[in-house]
Structures are given as structure tokens and as C-alpha cells.
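# Geometric and topological summary
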Amino acid sequence: MTDLAAALAAIDAANAHDPDTSEGAPAAQLYGQRMTQELARLFPNAPDPLQIAARGQHIERWTMKRADYPDGREGYLTWRRDLAKHHADRVGAIMRDAGYSQEDAEAAGRMIRKEGIKRNEDVQMLEDVICFVFLKWYFAPFSETQEPGKMQRIVAKTARKMSADARARVLREFELPENLADAFRT
């Protein structure tokens, strides 16, 4: 028997150790809860592996520091790849402990590693949720740290990762400056 509540609670318990409490709660735990809320709003009938992948997408993110990897794009991409593998492995172990099959754990891992984006419906749904959480909760403070040209490129890259339906929904739900809104119209 599978236990969705146990899996989500185990992810929250792991993320409760995040030392970043700048928003009044452990950052990874807060991010996971925001992912769950946004997934429920956007895709209320999401299957368990997708719900668990959303909650655990950043599990224990603080344990692998960007500073431990080389500078530059290659170092950044290696760090991101290693993080995704760590997140997928941790979530998979939690799922198996909660009674889920190896197949379900592997499906969640593929979602977390973003394998099949634009081709796999569940992977794409997770990516859409990630982008909505970014826009809703993290975009404004992040944009204050970036120069406008770089911010334009980041928004365009975010929009490209989203499904057509999600891009249309962004235009309905967010008040974006015209130059940024254009990225979601393509």
C-alpha cells in the first residue's frame, strides 16, 4: 500500500534542516510546499509520482553548494545535473519507503531530472509548475539582482520551457511589463 502523505511528510522532514530561513521557514521546505500548492491549482488530478516529484524537486538543495563546483557555464551545468540526480535519488528512496514501486520512483526521478521535457506530459507539467512558482514567488526579488538585458534572456528561456497552455495562462494571471510579456506570446 502506498502512502502519499508519508512521502510528502518525509520530504518536508528532510527539508526542515535547510539552514536558509530568510523567509521565516526553511527555504527548501517552503519551496516544496509552494510547488505542491501550485501543482494542485494548475493540475488538480496529478498522479502521486508527480505530486511527490513537485514536493521533492529541491530536496536538500543546500547540501550541494554551487561554490564547490568550477566557475563558468560548464561548472554550473555540472552542479545542476548533480543536484537533479541527488534530488531524484532521495525522492526515489522516500517513495520506496512509502510503499511505491520502483517504476513509480523512476518516473518521479525522470520528472525531477527533466528527462523528456516537451515530450513527456508529466515532465512538462512539473516544468510548468516550476516556472509558475518562480514567477509567483521568486521572480520579483530575483529580478532586482539582475541587469535588464539578462533578465529579458532569463524570462525568454523560462517561457520556452513552458507548454503553450501554461504560457497563455501566464499572460492571463500575471501583470508583466510588455517587453517581458512578449516572451510568453510565442
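Below is a summary of the structure that appears in this document. Owing to the predicted nature of the structure, the values given are computational and were not obtained by experimental measurement.

All right, on to the overall build of the chain then. Counting its secondary structure elements, the chain contains nine helices and zero strands. Ordered by position from N to C terminus, the α and β elements of the chain give α-α-α-α-α-α-α-α-α. Its C-alpha atoms give the chain a radius of gyration of 16 Å, near enough to 16 Å, the size a compact globule of 186 residues would have. In terms of principal-axis extent, the alpha carbons of the chain reach across some 50 × 40 × 30 Å.

Quick look at helix α4 (residues 72–97) now. Across its 26 residues, α4 extends 38 Å between first and last C-alpha, which sits within 8% of the 38 Å expected from 1.5 Å per residue. Those residues of α4 lying buried are Gly-75, Trp-79, Leu-83, Ala-84, His-86, His-87, Ala-88, Val-91, Gly-92, Ile-94 and Met-95. Here the buried face of α4 lies against α1 (4–15), α3 (48–56) and α5 (102–112). Gly-99 sits one or two residues past α4 and shows a positive phi near 95 degrees.

In this structure, Gln-124 sits in helix α6 (residues 121–143). Exposure remark for Gln-124: the relative accessible area of 8% places this residue in the buried category. Those residues in contact with Gln-124, other than ones at most four positions away along the chain, are Ile-117, Lys-118, Lys-161, Met-162 and Ser-163.

Once that is clear, we can look at unusual backbone geometry. The backbone of Lys-114 sits at a positive phi, close to 60 degrees, despite the residue not being glycine. Considering the arrangement of structural elements, one finds Lys-114 in the loop between α5 and α6. In this structure, Lys-118 is a non-glycine residue whose phi angle is positive, near 75 degrees. Here Lys-118 is to be found in the loop between α5 and α6.

Scanning the model with the defined rule gives five aromatic pairs in all. Aromatic side chains Tyr-76 and Trp-79 sit 5.8 Å apart centroid to centroid with 50 degrees between the ring planes, which places their arrangement in the tilted category. Of this pair, Tyr-76 and Trp-79 both sit in helix α4, three residues apart, roughly one helical turn. Between Phe-132 and Phe-174 the ring centres are 5.9 Å apart and the planes differ by 45 degrees, which places this aromatic pair in the tilted class. Taken together, the residues span a long stretch of sequence, with Phe-132 in helix α6 and Phe-174 in the loop between α8 (164–173) and α9 (178–181) at a distance of 42 residues. Here a set of aromatic residues connected by ring pairs shows up, and it is made of Phe-134, Phe-139 and Phe-142.

Conventions we followed
- Residues numbered from 1 in each chain as written.
- Predicted model: local features only at pLDDT ≥ 70, side-chain atom pairs only at ≥ 80, totals over all residues.
- Heavy atoms only, no water.
- Helix = DSSP H or I, 4+ residues; strand = E, 2+ residues; numbered from the N terminus.
- Rg over C-alpha atoms; globule rule 2.2 N^0.38 Å.
- Expected span 1.5 Å × (residues − 1).
- Buried < 20%, exposed > 50% of the residue type's maximum accessible area, 1.4 Å probe, protein only.
- Contact = heavy atoms within 4.5 Å.
- Phe/Tyr/Trp six-rings, centres within 6.5 Å; stacked < 30°, edge-to-face > 60°.

Note that all results are geometric; they support no functional claim without further evidence.
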